[in-house]
Amino acid sequence: MEFTEEIVTDFESTVSEVIELYQHRIQWLLQDSRKVFGVIKGTKVGLLVDVSHLSYGPRLLDFQKNLLCLIDEQLCYKKQLYCLSFSTEISPLWESPKTINVHVLREVRQWIEELEPGRGCNLLKALRHVLPMKELNSLVLIVGSCPDQSFEILCDYTQQCTLGRKVQIHTVIYDCSNPASLTVLKNLAEAVRGCYHCYSSKGEESQKAKDLLKSIKQTFQRRVGDLLGSERADVSTAFANTEPSSFFPKPPKHKGPLVIQTPGILGKTSADWLKTYGLKAKKLDLYQVLAPNAFSPVEDFVPILKKTVSSTLHEAMMMQFEWYDGTIKNIHVDLPVLYNYQKLLAKMVRIYEKRVDWLSVASRRIWGSVYERRVVILVDISVTNSTYISHIQHSLRLLLEEQMSDKDSFNIIAFGSDIVPWQQELLPSQPENLEKAWRWVLSLECKGSRNVLSALRRAVEVEFKDKDKHKSQGLYLLTTGIPDQETHTISAYVAEACRGFDLQLHVCLFSVTKGTDSSGIIPARYANPTETASAFKEIVQAANGRFHWFGEAGIFESDDISSIISEMEKAKNYSQKCAFLVESLKQRSVKQSVKPLTPEGHSNVLMRNEERKKQKVPSPKPTAVLKDVKDNHGAERNTPVRVVAWRPPSARAGIPPAQTVKEWPQTENKGKHKPRKQAELSVSVFYTEEGRNVGTIYQRYPKAMHIRKSVCSVTLPKEEEICSSKEWLTKYSIKKLKLELSRLMFDCTHQKKTVECLHKKVSAKYCSIFPSREINGVVKHLQFHPKELKSYTEQLGNVLQRYVQRVQWLLSGSRRLFGTILEANVCVLVDTSGSMGPYLPSVTKELTSLIWEQLRKNEVRFNLLRFADNTESWKEYLVEAADESCHDAVQWVSTCHAHGSSCILAALQKALSFQGVEALYLLTDGKPDTSCSLILKEIERLIKKQDIKIHTICFSCADRGAVEFLKKLASQTGGRFHCSSAGEDGQSAAHRILTEGLDDEDNPVFPYFEGDDLKKLTQEVAKARSFLKQAKSWRLLLEKWNTNQKDDSGFQESVQD
């Protein structure tokens, strides 16, 4: 093959530009601080500097100069910074990370200039000091000598502290020739998936990079020069019109004999493989590990207290943990066991990653793992695959070479419009048979449409005619598009063929690149890649097989790989829960170790005060000082009591002077339960002016103020519940989850009162302390912390995302047209009048989907009824949703045709006569042929005797009269109204919200839904978005307010100085 001079010149120019780009990048990396320390990532950086390798003189000065260059060129643009130097001991510059500003950078430069050499390199101590700082997302370790600790100790500790966190660790070897130091830092960076940089003052690494780049450039120029001398002819027209594929590389000897390999690993599906290597099989399930130290809370009835009391031992000894069944267990946390468990989880994740890599290479990238003993391969050679015939052949070559030599027997069936088998029966998988099959594959030509059903029938009825006598049998279908037949028809056939036998159908779907269809050929049926994949997944599910979807860009979806990734996600979840337990235990230990310091002489006083609070306070008396004259023991009892006016020692005291009281009010407790909480009392006893007479003061304190509740953590179930939006929101609405923004606010209203001496209204004292905003027409003060609003926005954002996922679920599948089927015994009524003619094909398609997706899956007893001029039911009674009955129902639905008018009343009367029916689902596009009020009255009369709901479905909302009639009918019977319009716009809005996020609170917006389920849920979404928008605006206001307050306080301090 030869090329023109123009093509070669263009190629040379392109490659030269790429090499020049690489050269500029390398030169940029070899300049300034990047040459010494590399490129520092992250926004909140911790800088750890080893000073053990330094010595007074030029080396120290060069090191300080390089560090100052790093600060000025890279670290000054970060958000936060923390600096620490270490040798044998550590020397931090600050106690916590600082936000970068001019003053902080000045302190850092001064700190660098004052660095002094030390002895020893205690890197572990430095890491133990810095890694617990959760604010940092990047650590820079600058080391010039070999660390005192081994690699295993440093690696284990770093992995334990960074587990579940996104921390970028950047290790730098600074001018160190010790091989042990290089090995330790390089392996540490690889273990934590960080970056490694090596700097030498001799410039060895940079010189190697420059020499390598020069060699590449010279080699390229030499090869291009040779190529230019030999080019002679133009490229052929056939080659110019063919687009090459990068995913299927064509070997040089494409038509050569097979190089048959013997598989070294026994083929298994990932599901079978996980039975041996899964977390549960390896006894690494978190609940298996915690079970020996998990105890259920103990509750017992205490007769004295007359109530059930829970044990409180766990509060001091154990941690509470939610079990897999939703119950709460008390866990004794064994730190060494959890640490070893996390290491085992990390080891299993590495094994799973190797399994995924193994499944993603060679023939498994195309076919997955072929594990059955008897195999039939179905190959799509329809005319639309003309462009890809060489790729299909190469795929078969890889399969025959790598996975077929250890099988018992095999056959290959090619299909387009006609069925072309290689052999009339299965043949043993011997090398000569594999070679003959390959020669036959090379002779295949593409023609016809895509008759998948006929190919399946040929394989099942001929190759697997004695399928009941054998085990481990598999069909592998390689195709590029949607079959000629309907999906439900193929699903029904393969479900019937595979039921009760060890036979599975696996689909390998190859998605071709857009714009590369062969010569504009239009297939018999068209579907986009997503719809095609959905159809084949439904077929595979019916045959208990596996689905594998790939293209030139790689693997898009694979059941085998998805199972492994799911297990990896489970391991990650378990590891995060372990980290949570450890962190909770650490926080509890810190709280228990911090106790208030109490002088020894006053310990009894504190005990007395605590005991006094627990004692019952006597009945309150008026505020007064009572003097009991104890000297006159012989005085009569009716001697009047002399009241001594008590003077406070300070003018600020708030106790009023004593007054004469003629009679003490009698207070009695007439009821056992107090209507409301009594005010708290304080009792003070002291000696009076004369002798040892005692006086007592009773003071009533005001009631405790209402305290704002904190933002609670919210977790919504990931699996969708089959219920109406009204029922779902009774459990998961904003109000039920206690996420209403007003709930978090103090009732602190901005007030102004008239001051007579000033003759004007004056604001309260606290008005200048807190920012204010008008809320529902009332000016209120915002007494929030920015952290509270941040936590609130995060929780509300998660809930809002879950709402949108629920909306997306309601708009998917058959729920988009029919809504959600809630009851266990239903009848579906379909309008087949003349006005439904244009829509009837799509309605029958959705009705077929409803039968399999909701009725069969949820085992709903059902019946179908169509009505036009007359009514016609599928059966005269409700039928169990078995596979056979569902196939029969689908066949009956396919015979529907549009004609006549709509006799809704007759249809409802007949459906209500079915025994055991709980709900009717009425689908229509317009008004009935009789009076709407007559129908409503007649239905009200009929359902008085039986509790049956009627759910109405409006196929088109253009006729407002029909919409109002269907709404009234549903409301009257306790049912729901559903409208199928705006479904596509709703799906688009939901997809945009989930992919683009909620940065713009006003866009995208859901369309207006008239159906009850979608309407209620989207209203809750709008409510949540308004709360989220308000919380974000308040948070910005508070941050700005706090910044201004700090600036004002700093200005006042400078004025006072």
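Right above here is the structure, for reference.
Just so we're clear, the structure is a prediction, and the values are computed from it rather than from any experiment.

Draft legend 1. Structural view of the pattern of salt bridges. In total, this model carries 33 salt bridges according to the counting rule given. Between D406 and K407 there is a salt bridge, with its nearest N and O atoms 3.5 Å apart. Accessibility expressed as a relative area gives 8% for K407, which makes it buried. When the shortest N-O distance is used, the salt bridge between R856 and D883 registers 2.6 Å. Here D883 lies in helix α26 (residues 883-893) and R856 lies in helix α25 (residues 840-856), a separation of 27 residues in the sequence. When its relative accessible area of 25% is taken as the criterion, R856 is described as partly exposed. Taken together, the salt bridges that share partners define one network made up of E496, R499, R856 and D883.

Draft legend 2. Region of interest: helix α29 (residues 960-972). Taking 1.5 Å of rise per residue, 13 residues should cover 18 Å, and α29 covers 18 Å from first to last C-alpha, within 8% of that figure. Every buried residue of α29 is listed here: A962, V963, F965, L966, L969 and A970. Projected onto a plane normal to the axis of α29, the buried residues spread over an arc of 165 degrees and lie on a single side. Turned more than 90 degrees off the buried face of α29, the exposed positions are K968 and S971.

Draft legend 3. Here's a closer look at the sheet that holds strand β11 (residues 319-322). If you trace the three strands from one edge of the open sheet to the other, you get β8-β12-β11, paired in antiparallel fashion. Across the chains shown, the open sheet's two edge strands, defined by having one partner strand only, are β8 (294-295) and β11. Examined bridge by bridge, β11 and strand β12 (residues 328-331) share four bridges and lie antiparallel to one another. Within β12, the residue paired with F321 across the bridge is K329.

Draft legend 4. Layout of the packing of helix α15 (residues 389-402) against helix α16 (residues 431-442). Packing of α15 against α16 brings their axes to within 10 Å, and their N-to-C directions diverge by 175 degrees. In terms of their interaxial angle, α15 and α16 are classed as roughly antiparallel. When α15 is examined against α16, the residues Q393, L396, R397 and L400 are found in contact with a partner set consisting of L434, W438, V441 and L442. Split by residue class, the contact of α15 with α16 holds six nonpolar, one polar and one charged.

Draft legend 5. Examining the pairing of strand β7 (residues 195-199) more closely. Here five bridges tie strand β6 (residues 168-174) to β7, and the two strands are oriented parallel to one another. Looking at the pairing, I173 lines up with C198 of β7. Traced from β6 through helix α7 (residues 179-191) to β7, the parallel crossover comes out right-handed.

Draft legend 6. The packing of helix α10 (residues 270-277) against helix α13 (residues 335-359), seen in detail. At their nearest, the axes of α10 and α13 sit 13 Å apart, and the two run at 155 degrees to each other. With respect to α13, the axis of α10 lies roughly antiparallel. Classified by chirality, the crossing of α13 by α10 is right-handed. Where α10 approaches α13, its residues S270, W273, L274 and Y277 are matched on the opposing element by M348, I351, Y352, R355 and L359. Of the residues contributing to the contact of α10 with α13, the split by class is seven nonpolar, one polar and one charged.

Draft legend 7. Highlighting the pairing of strand β19 (residues 547-551). The buried fraction of β19 amounts to five of the five residues, a majority that puts the element mostly inside the structure. Residues of β19 alternate between two faces, with F547, W549 and G551 on one and H548 and F550 on the opposite face, all of them buried. As paired strands, strand β18 (residues 503-511) and β19 are joined by five bridges and run parallel to one another. Bridging across to β19, V507 finds its partner in F547. Of the pairings in the sheet, the one linking β19 to strand β20 (residues 554-558) comprises four bridges and is antiparallel in character. When the sheet's bridge partners are listed, G551 is paired in β20 with G554.

About the cut-offs
Per chain, residue numbering runs from 1 following the sequence as it is written. Residues qualify for local features only when their pLDDT is at least 70, as the model is predicted, and side-chain atom pairs are given and counted only at 80 or more; totals for whole chains, interfaces and linings, by contrast, use all residues. Based on all heavy atoms of the structure, the side-chain values leave hydrogens and waters out of the count. What counts as a salt bridge is simple: a side-chain nitrogen of Lys or Arg found within 4 Å of a carboxyl oxygen of Asp or Glu. The cut-offs for exposure are 20% and 50% of the maximum accessible area for each residue type, with area from a 1.4 Å probe on protein chains only; residues under the lower value are buried, those over the upper are exposed, and the others partly exposed. Working definition: helices are DSSP H or I runs of at least four residues, strands are E runs of at least two. Numbering for both runs from the N terminus. A helix's residues, less one, multiplied by 1.5 Å, set its expected span. Arc definition: directions from the helix axis to the C-beta atoms. Only when DSSP finds a minimum of two bridges between them are two strands counted as paired. Only the contacting stretch of a helix is used when fitting its axis, a line to C-alpha atoms as for every element, and angles between N-to-C directions run 0 to 180 degrees. Oblique is the label for any angle not under 35 degrees, not over 145, and not in the 65 to 115 range, which are roughly parallel, roughly antiparallel and roughly perpendicular in turn. Whether two residues are in contact is decided by their heavy atoms, any of which lying within 4.5 Å being enough. Classification used: nonpolar for Ala, Val, Leu, Ile, Met, Phe, Trp, Tyr, Cys and Pro, charged for Asp, Glu, Lys and Arg, polar for all others including Gly. Look down the strands so they point away from you; if going from the first strand over the helix to the second traces a clockwise path, that crossover is right-handed. Note: crossing handedness is left-handed where the near helix turns anticlockwise from the far helix by less than a right angle, and right-handed where it turns clockwise.

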